[in-house]
Amino acid sequence: DTEVTQTPKHLVMGMTNKKSLKCEQHMGHRAMYWYKQKAKKPPELMFVYSYEKLSINESVPSRFSPECPNSSLLNLHLHALQPEDSALYLCASSQDLVTDTQYFGPGTRLTVL
Amino acid sequence: SQQGEEDPQALSIQEGENATMNCSYKTSINNLQWYRQNSGRGLVHLILIRSNEREKHSGRLRVTLDTSKKSSSLLITASRAADTASYFCATDDTDKLIFGTGTRLQVFP
């Protein structure tokens, strides 16, 4: 199984809402990532978890809160987002090293009203 | 920014033609990867080339790497409509991948 799954596929939320994005992989990968991608731009790294510990936070605003409950799951908790946070949020995983081949989920299309 | 630059930004070709896209980067690397992204979906890994390799093939894909020029190219031979996508190079930066600006490829039937 080389699949990374993400839910939901689409999410519309108001600026006062709290929501969560979920990501799951069953490849035994020990590194997991959140990326943000705006239209016609490359993915931008947000967070990296390595062996279930947060190893990189790319100066992401605190309204985004990552969580890694176990080695297969990665969540991104959203609170008080701004319209400019609307984007495609991608989850990825890799075997070990951050620079190994990364396997991406299909993404969550987030719209903040 | 350490982001790689890709050119062209967009490329339109007919089915059966070859497509070449180029990536230039700024820092020393251990490896360089190419990914494909269909519209609005996740990225799919295509090929990884290590810094001590000069060329690598995978099916209809051919990747070259010139570390002296800090550049790489991706050649897709005998393109198909299904190859329509955005293509990104990605270089390793100590502890993370840095994606290039991307090339949008359109293959017309």
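Preceding this paragraph is the structure being described.
Residues numbered from 1 in each chain as written. Chains lettered and ligands numbered in written order. Predicted model: local features only at pLDDT ≥ 70, side-chain atom pairs only at ≥ 80, totals over all residues. Heavy atoms only, no water.

So, on to the overall build of chain B. Along the backbone of chain B there are 0 helices and 11 strands. Secondary structure elements of chain B occur, N-terminal to C-terminal, as β-β-β-β-β-β-β-β-β-β-β. For chain B, whose C-alpha radius of gyration is 13 Å, the value lies close to the compact-globule estimate of 13 Å for 109 residues. Dimensions of chain B, computed from C-alpha atoms along their principal axes, come out at roughly 40 × 25 × 20 Å. Looking at chain B residue by residue over its 109 residues, the buried ones come to 46%. (Helix = DSSP H or I, 4+ residues; strand = E, 2+ residues; numbered from the N terminus. Rg over C-alpha atoms; globule rule 2.2 N^0.38 Å. Buried < 20%, exposed > 50% of the residue type's maximum accessible area, 1.4 Å probe, protein only.)

Facing 21 residues of chain B, the contacting portion of chain A comprises 20 residues. Of the roughly 1500 Å² buried at the junction of chain B and chain A (both faces included), carbon and sulfur atoms supply 59%. The three residues of chain B that bury the most area against chain A are B:Leu43, B:Lys96 and B:Phe99, which together make up 29% of that side's buried surface. Taken together, chain B and chain A are joined by 1 salt bridge. At the level of elements, β4 (31-37), β5 (43-50), β9 (85-93) and β10 (96-99) of chain B are the ones that each hand at least two residues to the side of chain B that touches chain A. The leading source of residues in the side of chain B that touches chain A is β4(B), at 4 residues. Looking at the side of chain B that touches chain A, its residues break down into 6 nonpolar, 10 polar and 5 charged. (Contact = heavy atoms within 4.5 Å. Buried area = accessible area lost by both parts, 1.4 Å probe. Salt bridge = Lys/Arg side-chain N within 4 Å of Asp/Glu carboxyl O. Nonpolar A, V, L, I, M, F, W, Y, C, P; charged D, E, K, R; others polar.)

Per the stated rule, a full pass over the model turns up 6 salt bridges over all chains. Between B:Arg60 and B:Asp83 there is a salt bridge, and its shortest N-O distance comes to 2.9 Å. With B:Arg60 in the loop between β6 (55-58) and β7 (61-66) and B:Asp83 in the loop between β8 (71-76) and β9, this pair connects stretches of sequence that are 23 residues apart. Overall, B:Asp83 belongs to the buried group, its relative accessible area being 8%. A single network of salt bridges, built from pairs that share partners, joins A:Lys36, A:Arg63 and A:Asp85.

Moving on, we come to the sheet that holds strand β8 (residues 73-79) of chain A. Residues and elements named next belong to chain A. Reading across the sheet, the 4 strands line up as β1-β3-β8-β7 and stay open at both edges, with antiparallel pairing between neighbours. Looking at the sheet topology across the chains shown, the edges are occupied by β1 (4-7) and β7 (64-70). Geometrically, the sheet is characterised by an average inter-axis angle of 20° between neighbouring strands, direction not taken into account. (Pairing = 2+ DSSP bridges. Axes fitted to C-alpha atoms, helices over the stretch in contact; angles between N-to-C directions.)

It is worth spelling out the sheet that holds β6(B) at this point. Residue and element names in this part refer to chain B. Strand order across the open sheet formed by 5 strands is β1-β3-β8-β7-β6, with antiparallel pairing between neighbours. Pairing within the sheet leaves two strands with one partner each, and these edge strands are β1 (5-7) and β6. Across the sheet, the mean angle separating the axes of adjacent strands is 15° when strand polarity is ignored. Summarising the sheet, β7 and β8 pair through 6 bridges and their orientation is antiparallel. Each bridged residue has a counterpart across the sheet, and for Val 63 the counterpart in β8 is Leu 74.

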